[in-house]
Amino acid sequence: MPVYQGSCHCGNVRFSFHAPEIVEGVRCNCSICQKKGAMMGNFVVDPSDIDIQVSDDSLATYEFATHIAKHHFCKQCGIYTFHQTLRKPGHYRVHLGCVDGVDVLALPYELIDDASL
């Protein structure tokens, strides 16, 4: 599997991960995803397959409802980078807009219905 690199806008949150070739994404209709408008990978990343590096204690986490999903973002620039999923707790979905070399505007995507969960 390829190794991808990514970061928030200011670079204080950097990450690398192993995943299949990125050829499409997913969007979610839950209340937070509708507001942030991000496109996530259509794959989940095992915790052992992601390396997260944080400068200046910049990584923050937002939880709501069940507190199972953990939405991570940079406290400096505000960019959502990845989250730990509700459907597979402890595993990650990556915001593809933060992944180097991925053009999210050109990717097809599937809508996942987490508003119904």
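Keep in mind that what you see is a predicted model, and the values were worked out from it rather than measured. (Residues numbered from 1 in each chain as written. Predicted model: local features only at pLDDT ≥ 70, side-chain atom pairs only at ≥ 80, totals over all residues. Heavy atoms only, no water.)

So, about the pattern of salt bridges. Side-chain pairs of opposite charge can arise whenever the charged atoms involved come near each other. Counted under the stated rule, the structure contains two salt bridges. A salt bridge links Asp57 to Lys75; the nearest nitrogen and oxygen atoms lie 3.4 Å apart. Placement of Asp57 in the loop between strand S5 (50-54) and strand S6 (59-62) and of Lys75 in the loop between strand S7 (70-74) and strand S8 (80-84) is noted, with a sequence separation of 18 residues between them. With a relative accessible area of 58%, Asp57 lands in the exposed category. Glu63 serves as the salt-bridge partner of Lys70, at 3.5 Å between the closest nitrogen and oxygen. (Salt bridge = Lys/Arg side-chain N within 4 Å of Asp/Glu carboxyl O. Helix = DSSP H or I, 4+ residues; strand = E, 2+ residues; numbered from the N terminus. Buried < 20%, exposed > 50% of the residue type's maximum accessible area, 1.4 Å probe, protein only.)

On to the environment of Asp103. Among the structural elements, Asp103 can be located in the loop between strand S9 (92-94) and strand S10 (109-112). The class for Asp103 is partly exposed, based on a relative accessible area of 46%. Sequence-wise, Asp103 and Val23 are 80 residues apart; in three dimensions their C-alpha atoms are separated by 10.0 Å. Here Leu105 takes part through its backbone nitrogen, which lies 3.1 Å from a polar atom of the side chain of Asp103. (Polar contact = N/O pair within 3.5 Å; in protein donor to acceptor, adjacent residues only side chain to side chain.)

The next thing to look at is the packing of aromatic side chains. For the coordinates displayed, the defined rule picks out six aromatic pairs. Arranged with centres 5.4 Å apart and planes meeting at 25°, the rings of Tyr4 and Phe17 form a pair that is stacked. Taken together, the residues span a long stretch of sequence, with Tyr4 in strand S1 (residues 3-7) and Phe17 in strand S2 (residues 13-18) at a distance of 13 residues. Tyr4 sits in the buried class, given a relative accessible area of 13%. Given the relative accessible area of 0%, Phe17 is considered buried. Aromatic side chains Phe17 and Phe43 sit 6.1 Å apart centroid to centroid with 25° between the ring planes, which places their arrangement in the stacked category. (Phe/Tyr/Trp six-rings, centres within 6.5 Å; stacked < 30°, edge-to-face > 60°.)

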